[in-house]
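In case you want the letters, here they are:
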Amino acid sequence: MKKILLALFILSIATTTFAQSETRFQKIDSLLSYFTANDKFMGSVAIREKDDIAFAKAYGYANLETDTKADINTKYKIGSITKMFTSAIIFQLIEKKKLTLDTKLSKYYPQIKNADSITIKNLLNHTSGIYNYTANDDFMSYVATPQTRKAMLERIASFEPVFTPGSKASYSNSNYLLLGYILEDITKKRYKDVVNERIVKKLKLKNTYYFGKIKPKRNEAYSYSFDGNEWKKRDEWHESVAYAAGALQSTPTDLTKFIRALFEGDIIKEESLEEMKKMDFGYGKGIFIIPFSERKFYGHNGGIEGFISILAYYPKEGLGIAMTINGEGYDSNQILIGILSSYYKVPYRFPNLKSAKVDLEILKSYEGTYASSTIPLKITIKHDGKQLMAQATGQGAFPLNPLSDTEFNFDPAGITITFRKDGFIIEQGSTVNDFTRE
């Protein structure tokens with residue numbers, strides 16, 4: 001999961017009037033409308049302040065083919081946020097003494113390599129060392145085909161371990177597929193029925209359930225990708241491929257209600273929640289830390305087909321925020337930063353969404369490694385098949401948005417790069433540095 005970071009700030013304490021609050025939400029609406037108008041976003045957002053929804057609005061379309069606009073009850077596939085539901089139910093079963101965190105995987109599926117050393121805890125916090133089945137080369141060949149439990153177990157059992165259980169962590173959907181099967185073994189019920197009985201009905205979530213083939217008449221959204229000219233519908237996956245690792249669909253309103261209930265003790269006990277929140281190698285048990293300035297949110301993100309989702313909760317303020325996207329044209333973490341910055345009245349500049357078309361030959365002509373006499377790092381420029389990417393020594397790569405044949409920017413960091421024949425000038429704020437191709 002990408003870390004969501006922003007420079008530290010101090011929020012002054014002052015009396016908040018209704019008008020100030022309204023302005024805050026107006027800015028959020030303006031921001032999301034701006035992204036939508038520039039074909040960078042389609043989706044839905046909800047902000048919950050304790051038990052009250054303070055903001056909820058959908059943007060764009062649920063079904064472009066029929067010009068059906070999305071509304072706050074449109075359902076979106078939530079991908080790996082499903083793992084939070086799966087983890088919560090596992091803790092319910094632990095509370096009922098149906099299993100423990102130390103229960104071995106070998107009790108249920110001894111055919112998985114290292115099963116006698118892998119515990120329920122290892123599955124929950126991604127320290128099992130089981131290879132992630134969605135990362136295998138053959139994954140996309142069967143995503144639309146119904147998969148049996150037998151077939152998926154054989155697939156996972158065929159993988160070699162990535163590392164010794166408990167020695168490190170690596171995100172693996174295989175862990176939660178297995179947890180879902182274990183839930184079914186213990187309850188003698190289908191996963192989707194267990195979720196419905198233990199969470200959905202209990203919390204009276206109106207729009208949360210296991211997905212199947214998308215049904216527009218049920219106000220279920222399709223997902224889309226933007227090809228530079230228009231939004232194109234993306235192919236659907238079969239639900240059995242995602243299962244307990246990612247096969248739920250929901251709305252932001254339902255999701256914020258779920259995470260609020262989770263932290264208020266309405267789903268699992270306080271001691272279970274504390275265990276769920278414990279981080280090992282950066283992973284909790286079906287939950288992550290999502291930092292924003294000095295605040296520490298808890299939650300999860302998700303991605304399936306073309307759907308993107310983020311769910312976060314700040315316990316100190318009882319603030320929950322959920323965003324479901326069915327058309328992503330801009331980094332979702334950066335959109336969330338914009339929303340939270342607007343909510344907390346942190347200075348925030350709307351990004352420059354201008355973009356120009358540049359011939360592939362021109363883009364490839366900029367590839368290479370560049371060095372500067374003024375700063376001790378190099379920047380590598382490379383085309384990844386879709387766009388031009390820049391990567392400084394020891395840092396992550398970031399995309400360069402073309403403003404013209406020679407000028408590019410990375411707006412989230414306020415970076416502008418202007419190319420010339422043998423190098424480029426990079427500007428960030430008031431800082432300007434000259435780089436030459438090696």
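Nothing here was measured: the structure is a model prediction, and the numbers come from that model.

1. Some details on the overall build of the protein
Thought 1: When helices and strands are tallied, the protein shows 11 helices and 21 strands.
Thought 2: For 438 residues, the compact-globule estimate of 2.2 N^0.38 gives 22 Å, and the C-alpha radius of gyration of the protein, at 23 Å, lies within 12% of that figure.
Thought 3: With respect to the principal axes defined by its C-alpha atoms, the protein has extents near 65 × 55 × 45 Å.
Thought 4: The 438 residues of the protein split such that 52% are buried.
Thought 5: Of the accessible surface of the protein, which amounts to about 20,200 Å², a share of 50% is contributed by carbon and sulfur atoms.
Thought 6: Across the protein, the 59 positively charged side chains and the 50 negatively charged ones have centroids separated by 6 Å.

2. Re the pairing of strand β18 (residues 407-410)
Thought 1: As paired elements, strand β17 (residues 398-402) and β18 share two bridges and run antiparallel to each other. Paired with Pro402 across the two strands is Phe408, which belongs to β18.
Thought 2: Here β17 hands over to β18 after four residues, the two strands then running antiparallel side by side.
Thought 3: In the sheet, β18 pairs with strand β19 (residues 415-420) via four bridges, with the strands oriented antiparallel. Opposite Glu407, over in β19, you have Thr418 as the bridge partner.
Thought 4: Turn length for the β18-β19 hairpin, with the two strands adjacent in sequence and antiparallel, is four residues, and the turn residue Gly414 shows positive phi of about 65°.

3. Structural notes on the pattern of salt bridges
Thought 1: Enumeration over the complete set of coordinates arrives at 23 salt bridges.
Thought 2: For Asp193, the salt bridge is made with Arg190, and the minimal N-O distance between the two is 2.8 Å.
Thought 3: Across the pair Glu294 and Arg295 runs a salt bridge whose closest N-O atoms are separated by 3.4 Å.
Thought 4: Ionic contacts of the salt-bridge type, sharing partners, join the residues Asp51, Arg260 and Glu264 into one network.

Basis of the calculations
Residues numbered from 1 in each chain as written. Predicted model: local features only at pLDDT ≥ 70, side-chain atom pairs only at ≥ 80, totals over all residues. Heavy atoms only, no water. Helix = DSSP H or I, 4+ residues; strand = E, 2+ residues; numbered from the N terminus. Rg over C-alpha atoms; globule rule 2.2 N^0.38 Å. Buried < 20%, exposed > 50% of the residue type's maximum accessible area, 1.4 Å probe, protein only. Areas by Shrake-Rupley, 256 points an atom, 1.4 Å probe, with all protein chains shown as cover. Lys, Arg positive; Asp, Glu negative; His and termini not counted. Charge placed at Lys NZ, Arg CZ, Asp CG, Glu CD. Pairing = 2+ DSSP bridges. Salt bridge = Lys/Arg side-chain N within 4 Å of Asp/Glu carboxyl O.

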